[in-house]
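# Analysis of the macromolecular model
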Amino acid sequence: MGVVEKAGGLFAAELAAGRPASVPREDADSGGGARPEAFDLDFEALARQGFYTPEDRSSRLSLELRAVKRRLLRRLGRAGAGRARGPARRGGGRRRNLVLVASTRAGEGKTFCAANLALSLAFEEAVPVLLVDGDAPRPKLRGLFGLAPTLGLADLLRAPTLEPDLVCLKARQAPLALMPEGEDAQEIAALLETPAGEQTFARLSAAYAAGIVVIDAPPVLAAAETLALARLVDEVVFVVEADATGAPAAGAALDELLDVNPNVSLLLNRCLIAGAASYYEAYGDYGEAGQAAGAKEGEGSER
Ligand SMILES: Nc1ncnc2c1ncn2[C@@H]1O[C@H](COP(=O)(O)OP(=O)(O)OP(=O)(O)O)[C@@H](O)[C@H]1O
Ligand SMILES: [Mg+2]
């Protein structure tokens, strides 16, 4: 069964099961193709779990996310105060807009950082953001947004010419879309190593040419696909959990990442600065600069 037919079958089954998050509607503009329904972001649920919400723009989390986000935008070639500018191009004419959020081990805050970055970019910069669940072993983004299982990255990798929109769920309140892990997501690792991996990510980049694609990864030391994903993206944000990630393990993971992609930045999560609880600090650069840059350098002037 082809993936489009399979999509039809899955949608029909979900419709019968009464799962609204993945029920398609006939879209006259798309020539009758079935598109997933949009979904509502539940800000109360997000706030309960400590995530960014647009109502609380002056919280410590919002301020720190702003610093991390602005620095990331600079690295993607969208530097400048105020609203983000259009994306820079990379070789072959493709936009530099694919960002992977990775870390050494499980539980260091990859999903927390990826989702918060996506929310902050979509609400505060009005940048169209696609948040992709690339963590097939432990996909968590659907659960975070309260969505039922549906098509996603694995399905797109199996059919790289499929329109990415058909496997994305769009938020109603902001230019934010979610691409879940998809069906039989354990196949993602093998699929990424095939030409379909490059083709799929090039299509995602083109589909979000004016925006940014943020991909939540599995841990570097636990899953081979993290390096496969790192090879396909423009920037890697490497999350290090303060006082938890061991230096030798983090160093080994960082070395592996730098072997496949020189554009790696560090994001220190959950650190304590001067006795005050802080979510993120010390966003340092590797890669092009060839060395870690100083923490918080120049961030204050950007707010
Ligand atoms: N800075 C933070 N402040 C508050 N809660 C946090 C922070 N960072 C992470 N958490 C929480 O810690 C838990 C683990 O974080 P998260 O799921 O993001 O880790 P992960 O690296 O994605 O793990 P895995 O590899 O298992 O997917 C989650 O409940 C998350 O909401
Ligand atoms: Mg995670």
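The numbering scheme is per chain: residues are counted from 1 as the chain's sequence reads. Lettering of chains starts at A and numbering of ligands starts at 1, both following the order in which they are written. For a predicted model such as this one, the threshold for reporting local features is a pLDDT of at least 70, and the threshold for listing and counting side-chain atom pairs is 80 or more; totals across whole chains, interfaces and linings nevertheless cover every residue.

The name an unreviewed UniProt entry gives the chain is Chromosome partitioning ATPase, Mrp family, contains Fe-S cluster, with Amphiplicatus metriothermophilus as the organism.

Our focus in this paragraph is the overall build of the chain. A tally of helices and strands in the chain yields ten helices and twelve strands. With C-beta atoms placed from the backbone, a residue is buried if 20 or more other C-beta atoms are within 10 Å of its own, exposed if 12 or fewer are, and partly exposed between those counts. Residues counted as buried form 46% of the 303 residues belonging to the chain. Here a helix means four or more residues in a row that DSSP labels H or I, a strand means two or more in a row labelled E, and each is numbered from the N terminus.

This brings us to the site of ligand 1. The criterion for a residue being near a molecule or strand is simple: its C-beta atom, placed using the backbone, must lie within 6 Å of it. Every one of the 17 residues lining ligand 1 counts as a neighbour, but Ala 106, Gly 109, Lys 110, Thr 111 and Phe 112 are closest to it. The element contributing the most residues to the shell around ligand 1 is helix α4 (residues 110-124), with three residues. For the shell around ligand 1, the per-class residue count stands at four nonpolar, seven polar and six charged. For this classification, Asp, Glu, Lys and Arg are treated as charged, while Ala, Val, Leu, Ile, Met, Phe, Trp, Tyr, Cys and Pro are nonpolar and the rest, including Gly, are polar.

Next up on the list: the pairing of strand β6 (residues 176-179). Every second residue of β6 is oriented toward a common face, with Leu 176 and Leu 178 on one face and Ala 177 and Met 179 on the other, all of them buried. Sheet topology note: the strand β4 (residues 129-133)/β6 ladder contains four bridges and is parallel. If you follow Leu 131 over to β6, its bridge partner there is Leu 178. Between any two strands, pairing holds if DSSP finds at least two bridges. One ladder, built from two bridges, connects strand β5 (residues 169-170) with β6; its direction is antiparallel. Across the sheet, residue Leu 169 finds its bridge partner in β6, namely Leu 178. Counted between consecutive antiparallel strands, the loop separating β5 from β6 contains five residues.

Looking now at the environment of Val 264. Relative to the helices and strands, Val 264 is located in strand β9 (residues 264-269). For the pair Val 264 and Val 99, spaced 165 residues apart in sequence, the C-alpha separation works out to 9.9 Å.

What tends to happen in soluble globular proteins is that the nonpolar side chains get buried as a cluster. For this entry, the nonpolar core is defined as buried Ala, Val, Leu, Ile, Met, Phe, Trp, Tyr and Cys residues connected by C-beta atoms within 7 Å. Membership of the largest hydrophobic core comes to 76 residues, with the highest contact counts inside it found for Val 99, Val 101, Ala 118, Leu 131, Val 214 and Ile 215. With ten residues, α4 is the single largest residue contributor to this core.

Here we come to the packing of helix α3 (residues 60-75) against α4. A pair of packed helices is characterised by two quantities: the angle between their axes and the separation of those axes. Relative to each other, α3 and α4 sit at 85°, their axes nearing to 10 Å. By the angle class used here, α3 and α4 are roughly perpendicular. Facing α3, whose interface residues are Leu 65, Arg 66, Val 68 and Lys 69, α4 presents Asn 116, Leu 117, Ser 120 and Leu 121. Counted by class, the contact of α3 with α4 contains four nonpolar, two polar and two charged residues. Working convention: axes come from line fits to C-alpha atoms, limited for helices to the stretch in contact. Angles between N-to-C directions cover 0 to 180 degrees. Under this scheme an angle from 65 to 115 degrees is roughly perpendicular, one under 35 degrees roughly parallel, and one over 145 degrees roughly antiparallel; angles in between are oblique. Our contact criterion uses C-beta atoms placed from the backbone: two residues qualify when those atoms are within 7 Å.

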